[in-house]
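Given next are the chains, with one letter for each unit.
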Amino acid sequence: MTQHPTRADAVALDLASPLRARRELFALPDGVVYLDGNSLGALPRAVAPRLQQVVAEEWGTGLISSWNTADWVGLGRRVGDRIAPLIGVAPGDVHVGDSTTVTLFKTFVAASRLRPGRRVVVLEPTTFPTDGYVAAGVARMLDLELRWCDPADPAASLDEDVALLSLTHVDFRSGAMYDLAALTAAAHDAGALVQWDLCHSTGAVPVALLDADADIAVGCTYKYLNGGPGSPAFAWVHPRHQAAWDQPVTGWFGHSRPFDMDRAFTPADGIARMASGTPPVLALSALDAALDVFDGVSLDVLRAASLSLTDLFLELVNARLGSAFEVITPREHGRRGSQVSLRHEQAYGVVQALVERGVVGDFRTPDVARFGFAPLYVTHADVFDAVGHLVAVLEGDEHLRPEYTVRNAVT
Ligand SMILES: Cc1ncc(COP(=O)(O)O)c(C=O)c1O
């Protein structure tokens, strides 16, 4: 096997990292190397005390008055304002409240309504399934046509019939990243709008939606934003579209004056019209506290740390595992998100055997082992140890254990 960095080299990189103190902000269990923050982010220490305070004081003591006194009504907007700098947009333009899937339903419909006369929605066939399912449901409802593009060249599917190009910025399976600015420009050249699913980008990869002049973005908050299981998704709509934005779940929280109890629906101004029903106050509070870990972190520093981790992982896998795996994540920095995906015939067994050893990644069908590198809490020493366990798993044929032929409900 070729020369490769040692554990001491990895520790030296950690000591030199401007983010080295951030890991202490997370309550990670001892002995666990957590490489699944691209699926469910780790728990920031600030979350439990905040939830305790919201439950005991705001809910328990304040009761219903907390809608006003604790400004529960404005919580979604305040959380959106904290996400805004992470995606390169202005405060006041980000809504937080529903699941990603429900948010996508609203954005697909509203975006299509902004381009009447155009009937085609373009998606990449490798998109996360929920994006495709929702797009298909909306297409059936509005009599639109879905067009699956070549994932390697989405722009080739654009023409004068396309209302919306909807792409996942970082692919959930391979970790490949699209050129957000170039594809936004291509969509606009064709007269189409563009929507970006930022689930696998936000909090790990810098995103500059306004600079790129994008139209719409959605993203979840339970991955690199560490909001907790099922924490609400965000949506951003460029201010130029907000006045005409007509989303289909016209509920009372999206009304301009909900407590007038009018019979007629008058949408609120701006992004507030994305709201539908009562906001999930506990989940939003957890997310609000979780976002503290990003205070004072520059996106460039975050990106440099992420690339340093994935570079080291790739180098070690290459040097120590040779051709045991096919690396399906692009090696070019410009095309890589914050995860590395390895293809292996027994990928499920590999992931399970690693979990058994305290190295948590995950499996995506049919044959991909995914490793996410959340730059605020994953260290280079973690990376070194993870690859060491990977070598041991294969050497000991641990991935071939019969119990791994049966898959868990969540893989
Ligand atoms: C790219 C992408 N879009 C959407 C979703 C899921 O949406 P929801 O938050 O509604 O489960 C995921 C979940 O992992 C995802 O990776």
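For the structure, see preceding data.
Presented here is an overview of the structure given in this document. These numbers were taken from a predicted model, which means no experiment stands behind them.

Digging into the sheet that holds strand S10 (residues 339-343)
Now for step 1: With antiparallel pairing, the four strands of this open sheet are ordered in space as S9-S10-S13-S12. In this open sheet, the two edge strands, each paired with only one partner strand, are strand S9 (326-327) and strand S12 (362-364).
Now for step 2: One ladder, built from three bridges, connects S12 with strand S13 (residues 368-372); its direction is antiparallel. Counted as the bridge partner of Asp362 is Arg370 from S13.

Some remarks on the sheet that holds strand S8 (residues 234-237)
Now for step 1: Spatially, seven strands are ordered S2-S8-S7-S6-S5-S3-S4 in an open sheet, and the strand pairing comes out mixed. Only two strands of the sheet have a single neighbouring strand rather than two, namely strand S2 (94-96) and strand S4 (145-148). This sheet shows a mean twist of 20 degrees between the axes of neighbouring strands, independent of strand direction.
Now for step 2: Pairing between strand S7 (residues 216-219) and S8: four bridges, direction antiparallel. In the strand pairing of S8, Gly219 is matched with Phe234.
Now for step 3: Here helix H6 (residues 129-142) sits on the sheet in contact with strand S3 (120-123), S4, strand S5 (162-168) and strand S6 (193-197), set at roughly 150 degrees to S4.

A look at the packing of helix H11 (residues 299-321) against helix H13 (residues 380-395)
Now for step 1: It is the contact of H11 with H13, at a shortest axis distance of 9 Å, that shows an interaxial angle of 25 degrees. The angle between H11 and H13 places the two elements in the roughly parallel class. Crossing of H11 against H13: the hand is right-handed. Residue-level inspection shows Ser308, Leu309, Leu312, Phe313, Leu316, Val317, Arg320 and Leu321 of H11 in contact with H13, the latter providing His380, Val383, Phe384, Val387, Gly388, Leu390, Val391 and Leu394.
Now for step 2: For the contact of H11 with H13, the residue count by class is twelve nonpolar, three polar and one charged.

Focus: the site of the ligand
Now for step 1: Neighbouring the ligand are the residues Ser99, Thr100, Thr101, Phe128, Thr130, Asp131, Thr168, Asp197, Cys199, His200, Tyr222 and Lys223.
Now for step 2: Contacts to the ligand include Thr101, whose side-chain N or O atom sits 2.5 Å from an oxygen atom.
Now for step 3: At a separation of 2.6 Å, an oxygen atom of the ligand approaches a polar side-chain atom of Lys223.
Now for step 4: When the ligand sits alone it has 400 Å² of accessible area, and the protein chains cover 85% of it.
Now for step 5: Taken together, the elements giving at least two residues each to the shell around the ligand come down to helix H5 (100-113) and H6.
Now for step 6: For the shell around the ligand, the residue count by class is three nonpolar, six polar and three charged.

Here's the deal with the state of the cysteines
Now for step 1: For the coordinates displayed, the defined rule picks out zero disulfides.
Now for step 2: Sulfur of Cys149: no disulfide; nearest cysteine sulfur belongs to Cys199 and is 18 Å away.
Now for step 3: Unpaired in this structure, Cys199 has its nearest cysteine sulfur neighbour in Cys220, at a distance of 3.4 Å.

The rules behind the values
- Residues numbered from 1 in each chain as written.
- Predicted model: local features only at pLDDT ≥ 70, side-chain atom pairs only at ≥ 80, totals over all residues.
- Heavy atoms only, no water.
- Pairing = 2+ DSSP bridges.
- Helix = DSSP H or I, 4+ residues; strand = E, 2+ residues; numbered from the N terminus.
- Axes fitted to C-alpha atoms, helices over the stretch in contact; angles between N-to-C directions.
- Contact = heavy atoms within 4.5 Å.
- Parallel < 35°, antiparallel > 145°, perpendicular 65-115°, else oblique.
- Left-handed = near helix turned anticlockwise from the far one by under 90°.
- Nonpolar A, V, L, I, M, F, W, Y, C, P; charged D, E, K, R; others polar.
- Near = heavy atom within 4 Å.
- Polar contact = N/O pair within 3.5 Å; in protein donor to acceptor, adjacent residues only side chain to side chain.
- Areas by Shrake-Rupley, 256 points an atom, 1.4 Å probe, with all protein chains shown as cover.
- Disulfide = S-S within 2.5 Å.

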